Amino acid sequence: MSITLTANYKETLSTDTVEKIDELLEENYELSDILEFIDAHSEDDFVSYYEEYVRCGEAIGYEAVDALIEEMGDVSYIQDCDEKYRGEYESTADFAEEFYSEMCDVPTALVVDWEATWDTSLRYDYTACEKGYRSVYIFSDY
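Cut-offs applied
- Residues numbered from 1 in each chain as written.
- Predicted model: local features only at pLDDT ≥ 70, side-chain atom pairs only at ≥ 80, totals over all residues.
- Heavy atoms only, no water.
- Buried < 20%, exposed > 50% of the residue type's maximum accessible area, 1.4 Å probe, protein only.
- Helix = DSSP H or I, 4+ residues; strand = E, 2+ residues; numbered from the N terminus.
- Pairing = 2+ DSSP bridges.
- Salt bridge = Lys/Arg side-chain N within 4 Å of Asp/Glu carboxyl O.

**What about the pairing of strand E3 (residues 136–140)?**
- Of all five residues making up E3, five are buried, and the element is well covered by its neighbours.
- Residues Val 136, Ile 138 and Ser 140 line one face of E3 and the alternating positions Tyr 137 and Phe 139 line the opposite face, and both faces are buried.
- Where strand E1 (residues 85–89) meets E3, four bridges bridge the pair, whose relative direction is antiparallel. Its bridge partner lying in E3, Tyr 89 is registered against Val 136.
- Both strand E2 (residues 126–130) and E3 contribute to a ladder of five bridges, which runs antiparallel. Across the sheet, residue Glu 130 finds its bridge partner in E3, namely Val 136.
- Counting the residues in the hairpin turn of E2 and E3 gives five residues, including Gly 132, whose phi is positive at 80°.

**Topic: the pattern of salt bridges**
- One pass over the full model with this rule turns up eight salt bridges.
- The salt bridge involving Glu 52 is made with Arg 55; its shortest N-O contact spans 2.8 Å. Here Arg 55 and Glu 52 lie together in helix H5 (residues 43–60), a separation of three residues that amounts to about one turn.
- For Glu 52, a relative accessible area of 13% gives the class buried.
- For Arg 55, a relative accessible area of 35% gives the class partly exposed.
- Its salt-bridge partner being Glu 70, residue Lys 131 comes within 2.8 Å of it at the nearest N-O pair. Placement of Lys 131 in the loop between E2 and E3 and of Glu 70 in helix H6 (residues 62–72) is noted, with a sequence separation of 61 residues between them.
- On the basis of relative accessibility, which here comes to 33%, the residue Lys 131 falls in the partly exposed class.

Next up, the structure:
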């Protein structure tokens, strides 16, 4: 267990962080969730992004938000990620098929390599965050 979960956070964290925690506790945020976020990321990320993290997590699910952070390697990418979220799919091929099928009628007799379609046209405009077996979260990049 990390120090922020076992020790008195007011003695181990910076003044800015403690002030932000106290402010959020008054708004009924959970202390254990706050401290877990700080342990997983940093105090600076907490002060800058925690409220957005919670807002997006409640809107689209924390697994999707965490997958985006892991994929991008930086918490700052969560800004408005709930608006960029396109859904959870079993694969990027499933997303490509749905994307193009909504645009036009794809004849059933036509055989399409949807994974190649993702690789050649969609992956440049979308971020795929693979999480576990047959679970891909898709976010638009614009």
